[in-house]
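A closer look at the structure
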Amino acid sequence: MAQGGQATRGAYASQSEMTELILPNDANTLGNLLGGRLMHLIDLVAAMAAYRHARTHVVTASMDHIDFIAPVHVGDLLILKSRVNRGYRTSMEVGVKVWAENAIEGTHRHVASAYLTFVAVNAAGVPVPIPQLLTEDEEGERRFQDAGRRREQRQAELARRRAAGKLSTQP
Ligand SMILES: CC(C)(COP(=O)(O)OP(=O)(O)OC[C@H]1O[C@@H](n2cnc3c(N)ncnc32)[C@H](O)[C@@H]1OP(=O)(O)O)[C@@H](O)C(=O)NCCC(=O)NCCS
C-alpha cells in the first residue's frame, strides 16, 4: 500500500497481448486491413490492460495519437501489445504497439501505435479510484514521464473543447 492507504500495482501486471490472423473479411478493396477494424482491436487490447490494472469495469474515455505507419495485408498475423503507462485518480493512459508478422517470410514490421485513456467505473458507470501505478524499470519510468506530458496536452485540449460546448451531451 502507498501513502494514505492507496493500493499499488506494478506496470507489468497490466501487460496484455493479442494475436489475430487477418482474413479477407477484415480488409478493404486493396486487400489491406481496414483502419476501423484495427482501431477496434487496439481498443480491445488496451481495455485488457486497463481492466487488469483497475480490476473493475473500465470504459474508453478517449483514443488519441494513433499512427497508422504501414498497411497490414490479408494473411498477416497481427500482434498487439498494451500496458498501462500511468494512472491518475480514476483514469489511466494505456499505450498500444502493433506489429504485423509475415509468417511465411518470418518477418515483423511495426504498423501502428496508439495511446488511449480508460476510466475505471462501478456497475452504475460512476468513476472509481484506481491503484497507483508503480514503475519497475527505466522503460517504465520513461513511459510514465511521457504519459504525464501527453496528459497535460490532453487536459488543455479537453478544457478548450468543453468551453466550446463540443463535449455537451445535448443534441
Ligand atoms: C469517461 C466517463 C466515465 C467520464 O465521466 P465524467 O463524468 O466526465 O467523469 P469525471 O469528470 O469525474 O472524470 C473522471 C476521469 O475521466 C477523465 N476523463 C473524462 N473525460 C475524458 C476524456 N475525454 N479524455 C480523457 N480523460 C477523460 C478525467 O480526466 C478524470 O480522470 P482522473 O479522475 O484520473 O483525474 C464518461 O464520460 C463516460 O461514461 N463516457 C462514455 C464512455 C464510453 O461509453 N466509452 C465507450 C465508447 S462508446
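One can find the structure itself at the top, above this paragraph.
Residues numbered from 1 in each chain as written. Predicted model: local features only at pLDDT ≥ 70, side-chain atom pairs only at ≥ 80, totals over all residues.

Attention now goes to the overall build of the chain. Broken down by element type, the chain carries two helices and seven strands. When the helices and strands of the chain are listed from N to C terminus, the series reads β-β-α-β-β-β-β-β-α. Along the first, second and third principal axes, the C-alpha set of the chain runs to 55 × 45 × 30 Å. Expressed as a percentage of its 171 residues, the buried residues of the chain come to 27%. Counting only contacts in the chain whose residues sit at least 6 apart along the sequence, the fraction spanning at least 24 positions is 72%. (Helix = DSSP H or I, 4+ residues; strand = E, 2+ residues; numbered from the N terminus. Buried ≥ 20, exposed ≤ 12 C-beta atoms within 10 Å, placed from the backbone. Contact = placed C-beta atoms within 7 Å.)

Right, let's talk about the environment of Asn 25 for a bit. Tracing the chain through its elements places Asn 25 in the loop between β2 (16–21) and α1 (35–54). Asn 25 sits 49 residues away from Val 74 along the chain, and the two C-alpha atoms are 9.0 Å apart.

All right, on to the environment of Gln 15 then. Relative to the assigned elements, Gln 15 resides in the loop between β1 (8–10) and β2. According to the C-beta neighbour criterion, Gln 15 is partly exposed, with 15 such atoms within 10 Å. As for Gln 15 and Ser 168, which are separated by 153 residues in sequence, their C-alpha atoms are 34 Å apart.

The next subject is the site of the ligand. Near the ligand lie 15 residues; those nearest to it are Ser 62, Tyr 88, Arg 89, Thr 90 and Ser 91. Residue assignment for the shell around the ligand shows that the elements contributing at least two residues are β3 (57–68), β6 (107–121) and α2 (138–163). A breakdown of the residues in the shell around the ligand according to their chemical character gives seven nonpolar, six polar and two charged. (Near = placed C-beta within 6 Å. Nonpolar A, V, L, I, M, F, W, Y, C, P; charged D, E, K, R; others polar.)

Quick look at the nonpolar core now. Judged by nonpolar contacts, the single largest core of 30 residues is most densely connected at Ile 42, Ala 46, Ala 50, Val 94, Val 96 and Phe 118. Going through the elements one at a time, α1, β4 (77–87), β5 (91–102) and β6 are the ones with two or more residues in this core. A total of eight residues in this core trace back to one element, the largest contributor, which is β6. Ignoring anything within four residues of it in the chain, the contact list for Phe 118 reads Ala 46, Ala 47, Ala 50, Val 58, Val 59, Thr 60, Ala 61, Ser 91, Met 92 and Val 94. (Core = buried A, V, L, I, M, F, W, Y, C linked by C-beta atoms within 7 Å.)

Next up on the list: the sheet that holds β3. Sheet architecture is open: five strands sit in the order β2-β4-β5-β6-β3, paired in antiparallel fashion. Both edges of this open sheet fall to β2 and β3, since each of them pairs with a single strand only. In this sheet, adjacent strand axes meet at a mean angle of 25° when their direction is disregarded. Against the sheet, α1 makes contact with β2, β3, β4, β5 and β6, and its axis sits at roughly 45° relative to β4, the strand it touches most. Here α2 sits on the sheet in contact with β3, β4, β5 and β6, set at roughly 80° to β4. (Pairing = 2+ DSSP bridges. Axes fitted to C-alpha atoms, helices over the stretch in contact; angles between N-to-C directions.)

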